[in-house]
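Okay, here's what each chain looks like letter by letter:
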Number of protein chains: 2
Amino acid sequence: MDANISPYELRQAIRRGDFTTNTSGYAQGFVQGNLAIMPKEWANEFLQFCQLNPKPCPIVGMSASPGDYMINTLGKDIDIRTDIPKYRVYRDGQLTEEVADITSLWTDDMVAFVLGCSFSFEEALIADGLEVRNITEGVNVPMYRTNIECQSAGRFSGTTVVSMRPMKPKDAIRAIQICTRFPSVHGAPLHFGDPAEIGISDIATPDFGDAVTIHPGEVPVFWACGVTPQVAIEAARPPLCITHSPGHMLVSDVPNSRLAIL
Amino acid sequence: MDANISPYELRQAIRRGDFTTNTSGYAQGFVQGNLAIMPKEWANEFLQFCQLNPKPCPIVGMSASPGDYMINTLGKDIDIRTDIPKYRVYRDGQLTEEVADITSLWTDDMVAFVLGCSFSFEEALIADGLEVRNITEGVNVPMYRTNIECQSAGRFSGTTVVSMRPMKPKDAIRAIQICTRFPSVHGAPLHFGDPAEIGISDIATPDFGDAVTIHPGEVPVFWACGVTPQVAIEAARPPLCITHSPGHMLVSDVPNSRLAIL
């Protein structure tokens, strides 16, 4: 598949079953989103959870009403049941299957949420000449559970998961400036420096993703991460919840630059 | 003197000799500026030096033409020869006297520069609820020579002097966001964390100003400082140069908020 494929063509290929892999690096310049789908009796509380915790849970799109699987605000003919390469199905908080199509699971009370993801700000950092270590090293970004409590909403609660990118302080300052422009893809970092201050005991052992090299003179810089809502959902144990499989995102028609508030 | 005096009334009091002290804390909300005056054959090079090094040397006003001592762009009836409480006179780079009026030293080839100062961004930080340690402790901000080279312009060259304010990382991130809005008062910090990386060997011994307490969990945050051009001027040794005496600033009619680019 040509990496420069348009978001629409990519979604059509996914729908046909011709594209089944990680979407990272495809249709560059366009917003890719995390997915969370759940029944409406859970969705209202989840929406409130996202509203209270916008840095880890930035909503960029959602079903217009329960049962609506077309997410028109994010692009042309987006069917959230078929246009993502791989879904994860959780029942009572347990991962039970990975599937390529959730049409058979969709019901009239389902609500889909699309949340901003770090791909957008990583693109902005790289465009500015900064190095993003996980991309340089070709691995998943390292992610860590922290002691930073989320605001609870109904059955949803938990602590914030963060992603980490090591940088020289000068580059970290520039990254803070750039990411401040993008509040809907996690915004400015939450912390830099001593991992223990946010409850991370071993920076070399991420809870999710892969470890990356931290060079002398660099400090770890920590961003709120979209794994936070996934962890909260797993803990809340809704009877049915569907997410994307990691790296297999919804690719929208929204240019990343549209997320910049300035 | 009432701290809420207007900038104009304060300048009039200074001109009459009724106000002779540090201007810090007076006419709050209005831009106070550093002063540098020199003959035009040096001023052109100094202007270029400032243009090349805008973070330590942000020009907020200057003589419209050589010999012009009224700085109308910064406020009503500002006579740069009389409206500053205390001046320092340097001859061949050596401080020779401190005076309250420079009318007798002013000649037709003199050019005055007014440079932005940290008072403006400190006010913005405090308004946002951040602590500024040097203000809390009632001392001058600690300042340090660094190994960060300025861009040279003619006879003006040197390394950057920085001011330091200790903060928790979370507050430092917020301070970076706030100060980014104020490029004409030194803008975002240049560095945080390890002082040795920018050539500071002992954080407890500032080269200028006073040491401040750094609490556990805080990192030193470093901003480009208006002492930088003063050091460059002293090294360049113009035959005559006049600056303000530290803390005895030009108080302008420009609201601090006007310096915000956003």
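Rules of the game
- Residues numbered from 1 in each chain as written.
- Chains lettered and ligands numbered in written order.
- Predicted model: local features only at pLDDT ≥ 70, side-chain atom pairs only at ≥ 80, totals over all residues.
- Heavy atoms only, no water.
- Helix = DSSP H or I, 4+ residues; strand = E, 2+ residues; numbered from the N terminus.
- Contact = heavy atoms within 4.5 Å.
- Buried < 20%, exposed > 50% of the residue type's maximum accessible area, 1.4 Å probe, protein only.
- Domains from an automatic or database assignment.
- Buried area = accessible area lost by both parts, 1.4 Å probe.
- Salt bridge = Lys/Arg side-chain N within 4 Å of Asp/Glu carboxyl O.
- Least-squares fit on C-alpha atoms with pLDDT ≥ 70 in both.
- Phe/Tyr/Trp six-rings, centres within 6.5 Å; stacked < 30°, edge-to-face > 60°.
- Lys NZ or Arg CZ within 6 Å of the ring centre and 35° of its normal.
- Pairing = 2+ DSSP bridges.
- Axes fitted to C-alpha atoms, helices over the stretch in contact; angles between N-to-C directions.
- Left-handed = near helix turned anticlockwise from the far one by under 90°.

## Some details on the environment of Ala 100 of chain A
All names here are of chain A.
- Assignment of secondary structure puts Ala 100 in the loop between strand 4 (94–99) and strand 5 (110–116).
- Between the C-alpha atoms of Ala 100 and Tyr 87, which are 13 residues apart in sequence, the distance is 6.0 Å.
- With residues up to four places along the chain from it excluded, the contact list for Ala 100 reads Thr 82, Ile 84, Pro 85 and Tyr 87.

## Some details on the environment of Gly 75 of chain B
Residue and element names in this part refer to chain B.
- Residue placement: Gly 75 occurs in the loop between strand 2 (59–62) and strand 3 (87–91).
- Relative accessible area serves as the criterion here: at 12%, Gly 75 is assigned to the buried category.
- When the C-alpha positions of Gly 75 and Pro 58 are compared, they lie 18 Å apart, and in sequence the two are 17 residues distant.

## Thoughts on the environment of Arg 16 of chain B
- Mapping Arg 16 of chain B onto the fold places it in helix 1 (residues 7–16).
- Remark: the alpha-carbon pair of Arg 16 of chain B and Pro 216 of chain B, spanning 200 residues in sequence, is separated by 48 Å.

## A few points about the domain arrangement of chain A
Residues and elements named next belong to chain A.
- According to the domain assignment, chain A consists of domain 1 (7–117 + 237–256) and domain 2 (119–229).
- Computed over C-alpha atoms, the centres of domain 1 and domain 2 are 22 Å apart.
- Residue-level contacts link 26 residues of domain 1 with 27 residues of domain 2.
- Buried surface at the junction of domain 1 and domain 2, summed over both partners, amounts to about 2200 Å²; 62% is from carbon and sulfur atoms.
- Here Glu 45 ties to Arg 155 by a salt bridge, and the two come within 2.9 Å at their closest N and O atoms.
- Elements that contribute at least two residues to the side of domain 1 that touches domain 2 include exactly strand 1 (30–39), helix 2 (40–52) and strand 5.

## A look at the relation of the copies chain B and chain A
- Of the transformation placing chain B onto chain A, the axial shift is 0.0 Å and the rotation is 180°, giving an RMSD of 0.0 Å. Within this description, the copies of the chain are treated as partners about a two-fold rotation axis. Minimal C-alpha distance to the rotation axis in chain B is attained by Gln 177 of chain B, lying at 3.2 Å.

## Describing the packing of aromatic side chains
- Per the counting criterion, the structure on display carries 17 aromatic pairs over all chains.
- Aromatic side chains Phe 46 of chain B and Phe 113 of chain B sit 5.0 Å apart centroid to centroid with 70° between the ring planes, which places their arrangement in the edge-to-face category. Here the residue Phe 46 of chain B occupies a position in helix 2 (residues 40–52), and Phe 113 of chain B occupies one in strand 5 (residues 110–116), the gap between them amounting to 67 residues. Phe 113 of chain B carries the same exposure label as Phe 46 of chain B, and that label is buried.
- Ring geometry for Tyr 69 of chain B and Trp 106 of chain B: centres 6.1 Å apart, planes at 90°, overall edge-to-face. One end of the pair, Tyr 69 of chain B, is in the loop between strand 2 and strand 3; the other, Trp 106 of chain B, is in the loop between strand 4 (94–99) and strand 5, and 37 residues separate them in sequence.
- Under the relative-accessibility criterion, Tyr 69 of chain B is labelled partly exposed at 28%.
- Ring-pair connections join several aromatic residues into one group, and the members of that group are Trp 42, Phe 46, Phe 49, Phe 113 and Phe 156 of chain A.
- When the ring centre of Tyr 8 of chain A is taken as origin, the NZ or CZ atom of Lys 76 of chain A, which lies over that ring, is 4.1 Å away.
- Here the guanidinium or amino end of Arg 165 of chain B rests over the ring plane of Trp 223 of chain B, the centre of that ring lying 5.1 Å away.

## A few points about the pairing of strand 4 of chain B
Residues and elements named next belong to chain B.
- In this sheet, strand 4 lies alongside strand 3 in antiparallel orientation, the contact comprising 5 bridges. For Tyr 87, the partnering residue across the bridge sits in strand 4 and is Val 99.
- Taking the residues that link successive antiparallel strands as the turn, the strand 3-strand 4 hairpin has 2 residues, and the phi of Asp 92 there is positive, at about 50°.

## Some words on the packing of helix 2 of chain A against helix 6 (residues 227–236) of chain A
Residue and element names in this part refer to chain A.
- Remark: helix 2 packs on helix 6, axes separated minimally by 12 Å, with the N-to-C direction vectors making an angle of 145°. Here helix 2 and helix 6 pass one another in a crossing that is right-handed. Listed contacts from helix 6 to Trp 42, Phe 46 and Phe 49 of helix 2 are Pro 229, Ala 232, Ile 233 and Ala 236.

## Brief notes about unusual backbone geometry
Residue and element names in this part refer to chain A.
- Despite not being glycine, Ala 27 has its phi angle at roughly 50°, a positive value.
- Mapped onto the fold, Ala 27 is located in the loop between helix 1 (7–16) and strand 1.
- With relative accessibility at 2%, the residue Ala 27 sits in the buried group.

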